[in-house]
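Chain by chain, the residues:
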Amino acid sequence: MDFFSVSKIFWIFADPGNFLLLLIIIGLLLQLAPKLRPGGLWLTAIGALGMVLVTLLPIGAWLIAPLENRFPVPRLGDNVTGIVVLGGITRNDVSAHRGVPTLQAGADRLTTTVALAREYPNARIVIAGGSGEIDQDGTPEGLIMREVMVELGIDPARITVDAKSRNTYENAVLAKQAADPKPGETWVLVTSGFQMPRAVGCFRQVGFDVIPYPVDFYTPADHRRHLGELLDVVGTAVKEWIGLTVYHLTGRTAQLYPAPSR
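Residues numbered from 1 in each chain as written. Predicted model: local features only at pLDDT ≥ 70, side-chain atom pairs only at ≥ 80, totals over all residues. Heavy atoms only, no water.

With that settled, the discussion passes to the packing of helix H1 (residues 3–14) against helix H10 (residues 227–249). Orientation of H1 relative to H10, taken along the N-to-C sense of each, is 145°, at an axis distance of 12 Å. H1 and H10 meet at a crossing whose hand is right-handed. Here Phe 3, Lys 8, Phe 10 and Trp 11 of H1 lie close against H10, whose contacting residues are Gly 235, Val 238, Lys 239, Ile 242, Val 246 and Tyr 247. (Axes fitted to C-alpha atoms, helices over the stretch in contact; angles between N-to-C directions. Helix = DSSP H or I, 4+ residues; strand = E, 2+ residues; numbered from the N terminus. Left-handed = near helix turned anticlockwise from the far one by under 90°. Contact = heavy atoms within 4.5 Å.)

Rendered as structure tokens:
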């Protein structure tokens, strides 16, 4: 089983919402056996307490803010050679079923890229995104994003699509192949602020020098009390911190917590 498959299966259980719910379910089942009841009570209590804390405290904001604040939104110069935008914003399953492009959280990546493409009409555009699902059926995400860009008025001749990459490291590898950057060129990387440290680390690791342009911010924002939404933010942050650690340990990034260039 390759790195991609292992990471996807691991996250099914490590996702905070799934993990806390699993603790509660296992705890309840253990309570059915008299000898295991004390342990079951503890697991149930820990799972329930975790959900209460997520509801009452801005844990998601605490975890995700450092990631989003790592790279500031830059002021670009007059010349931009190209723009690389990472996927992770479409519902491939729904898009395939409905026959129309369907976007989800993170669509700022697409709208910002379109805005930059209009500001820099000579810039090339590289879309990096295949499918982030173990099941690779359906239209690759990059092709869906390309369709939306063309509908928004971007010349298709400017767009190159990597439709094979499945994670951030593969985004960097295949985006570099598609862009074929030359010395002295200026390339901009557009992705969500929380993902930017890991993305920059990957692009540096493969030797693709880019200007980080973070978008799709979660913070600052008022703390809400809807458990599902709060768990989503916590899950996004936890996944990214785990991703930074694993990518560094497996040699996909040279730094544990990549920082802006000085």
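What follows concerns the sheet that holds strand S5 (residues 211–215). Spatially, the five strands line up as an open sheet ordered S3-S2-S1-S4-S5, and their pairing is parallel. With partners counted over all chains shown, the strands left at the sheet margins are strand S3 (159–162) and S5, one partner each. Geometrically, the sheet is characterised by an average inter-axis angle of 20° between neighbouring strands, direction not taken into account. Packing of helix H7 (residues 141–151) onto the sheet brings it into contact with strand S1 (82–86), strand S2 (124–128) and S3, and relative to S3 it is tilted by some 160°. Here helix H8 (residues 168–179) sits on the sheet and contacts S1, S2, S3 and strand S4 (187–192); the angle it forms with S2, its principal contact strand, is near 150°. (Pairing = 2+ DSSP bridges.)

A separate point is the pairing of S2. Most of S2 is tucked away, with four of its five residues classed as buried. Note: S1 against S2, five bridges, orientation parallel. Counted as the bridge partner of Val 84 is Val 126 from S2. Alignment of S2 against S3, held across four bridges, turns out to be parallel. Paired with Val 126 across the two strands is Thr 160, which belongs to S3. (Buried < 20%, exposed > 50% of the residue type's maximum accessible area, 1.4 Å probe, protein only.)

Mapped onto the elements, Val 148 comes out in helix H7. Measuring from C-alpha to C-alpha, the distance between Val 148 and Ala 221 comes to 29 Å, with 73 residues separating the pair along the chain. Not counting the four nearest positions on each side in its chain, Val 148 is found in contact with Pro 101 and Leu 110.

All chains considered together, the criterion is met by five aromatic pairs. Residues Trp 187 and Phe 208 carry aromatic rings whose centres are separated by 5.8 Å and whose planes lie at 70° to one another, so their mutual orientation is edge-to-face. Of this pair, Trp 187 sits in strand S4 while Phe 208 is found in the loop between helix H9 (196–205) and S5, placing the two residues 21 residues apart along the sequence. By the burial criterion, Trp 187 is buried, and Phe 208 matches it. These aromatic residues form a ring-pair network of at least three members: Trp 187, Phe 203 and Phe 208. We note Arg 252 situated over the ring of Phe 3; from NZ or CZ to the ring centre the distance is 3.7 Å. Between the NZ or CZ atom of Arg 252 and the centre of the ring of Tyr 169, over which it lies, the distance is 5.6 Å. (Phe/Tyr/Trp six-rings, centres within 6.5 Å; stacked < 30°, edge-to-face > 60°. Lys NZ or Arg CZ within 6 Å of the ring centre and 35° of its normal.)

Another aspect to go through is unusual backbone geometry. Negative phi values dominate among residues other than glycine, just as trans dominates among peptide bonds. Note that the residue after Thr 219, namely Pro 220, is joined by a cis bond; omega there is -5°. Of note, Asp 180 is a non-glycine position whose phi angle comes to about 50°, a positive value. Among the secondary structure elements, Asp 180 is positioned in the loop between H8 and S4. Since its relative accessible area comes to 45%, Asp 180 is described here as partly exposed. You will see that Asp 216, though not glycine, has its phi angle at about 60°, which is positive. Turning to its location among the elements, Asp 216 is positioned in the loop between S5 and H10. Owing to a relative accessible area of 13%, Asp 216 belongs among the buried residues under this scheme.

Okay, the environment of Lys 176 next. If you trace the backbone, Lys 176 turns up in helix H8. Residue Lys 176 is classed as partly exposed on the basis of its relative accessible area, which comes to 31%. Excluding its chain neighbours within four sequence positions, the residues that come into contact with Lys 176 are Pro 181, Val 206, Gly 207 and Phe 208. Looking at Lys 176, its side chain comes within polar contact range of the main-chain oxygen of Val 206, at 2.7 Å. (Polar contact = N/O pair within 3.5 Å; in protein donor to acceptor, adjacent residues only side chain to side chain.)

Under the criterion given, the structure shown has three salt bridges. Linking Glu 170 and Arg 166 is a salt bridge whose minimum nitrogen-to-oxygen distance equals 3.1 Å. Given the relative accessible area of 26%, Arg 166 is considered partly exposed. Between Arg 198 and Glu 240 there is a salt bridge, with its nearest N and O atoms 2.5 Å apart. With a gap of 42 residues between them, Arg 198 in helix H9 and Glu 240 in helix H10 connect regions that are remote in the sequence. Judged by relative accessible area, Arg 198 falls into the buried class, the value being 9%. Overall, the relative accessible area of 3% leaves Glu 240 in the buried class. (Salt bridge = Lys/Arg side-chain N within 4 Å of Asp/Glu carboxyl O.)

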